[in-house]
Amino acid sequence: MSAARTNPDLAITELTAVIEEDPGLFMARRTRAVAYAAAGRHDLAIADLRVLDKEGQLTPEDAIVLGDNLRSAGRLEEASLILERAGRENPTFTQPLISLAEVRIQEHKYDDAVALCERVLKM
C-alpha cells in the first residue's frame, strides 16, 4: 500500500493479486485506484472507484479521487456530477469544492471557479 504513489507499477501488480484472491477487500481496490492515478492510468482508477461506488463503499475521499481522475481523463461533466454529489453529502468538507473549481477552470468557467473558491474561504 505504501508504494501506491512512489512505485505505482509495483503496487498495481501486488494489489491486483490481492484483489484476484479476495475481490471484497475494498481497501486494496481503493489503494490500487490511487496507484493507477499515480501511474497516469486514469481510466483504470475510475473503473476501480466505480466498483466501490456500486458497492456503497465510496468514501468522501474516494469521491474526490474519482472526480480528479475523471477531470484528468477529460470527462468533465462526470467529474462535476461526482464532486457536486460529494459536496452535497459532506457540506463541511471543502475538498470537493476545490476539485470542482479545478473542473470549472478546465471548462474555462472562471467566474464559477472564483465563486467556488470564495465559498471555500468562507467555510
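Scroll up for the structure.
What you are looking at is a predicted structure, and each value in this text was computed from that prediction instead of being measured.

Thresholds applied
- Residues numbered from 1 in each chain as written.
- Predicted model: local features only at pLDDT ≥ 70, side-chain atom pairs only at ≥ 80, totals over all residues.
- Heavy atoms only, no water.
- Axes fitted to C-alpha atoms, helices over the stretch in contact; angles between N-to-C directions.
- Helix = DSSP H or I, 4+ residues; strand = E, 2+ residues; numbered from the N terminus.
- Parallel < 35°, antiparallel > 145°, perpendicular 65-115°, else oblique.
- Left-handed = near helix turned anticlockwise from the far one by under 90°.
- Contact = heavy atoms within 4.5 Å.
- Nonpolar A, V, L, I, M, F, W, Y, C, P; charged D, E, K, R; others polar.
- Expected span 1.5 Å × (residues − 1).
- Buried < 20%, exposed > 50% of the residue type's maximum accessible area, 1.4 Å probe, protein only.
- Arc of directions from axis to C-beta.
- Salt bridge = Lys/Arg side-chain N within 4 Å of Asp/Glu carboxyl O.

Colleague: Would you mind going over the packing of helix α6 (residues 76–89) against helix α7 (residues 95–106) with me for this structure?
Modeller: Packed helices, taken two at a time, are described by their axes: the angle between them and the distance between them. The N-to-C vectors of α6 and α7 enclose an angle of 155°; their axes lie 9 Å apart at closest approach. Between α6 and α7, the crossing angle belongs to the class labelled roughly antiparallel. Every pair of crossing elements has a handedness; the one defined by α6 and α7 is left-handed. Along the contact surface, α6 presents Leu76, Ala79, Ser80, Leu83, Glu84, Ala86 and Gly87, while α7 presents Pro96, Ser99, Leu100, Val103, Arg104 and Gln106. Residues belonging to the contact of α6 with α7 are distributed by class as follows: 7 nonpolar, 4 polar and 2 charged.

Colleague: For this particular structure, what's the right way to read helix α8 (residues 110–122)?
Modeller: The periodicity of an α-helix, 3.6 residues per turn, causes residues three or four positions apart to be oriented the same way. The terminal C-alpha atoms of α8, which comprises 13 residues, lie 18 Å apart, in line with the 18 Å expected from a rise of 1.5 Å per residue. Taken as a whole, α8 has its buried residues at Ala113, Leu116 and Val120. Buried positions in α8, seen along its axis, are confined to an arc of 65° and lie on one side of it. In α8, the exposed positions that point more than 90 degrees away from the buried face belong to Asp111, Leu121 and Lys122.

Colleague: Would you explain the pattern of salt bridges in this entry?
Modeller: One side chain can pair with another of opposite charge once the charged atoms of both are near each other. Tallied over the full model, the rule gives 11 salt bridges. Residue aspartate 48 pairs with arginine 29 through a salt bridge whose shortest N-O separation is 2.9 Å. A residue pair is termed long-range when its members are at least 10 positions apart, and aspartate 48 in helix α4 (residues 42–54) and arginine 29 in helix α3 (residues 26–38) qualify at 19 residues. Accessibility classification places aspartate 48 together with arginine 29 in one group, the buried group.

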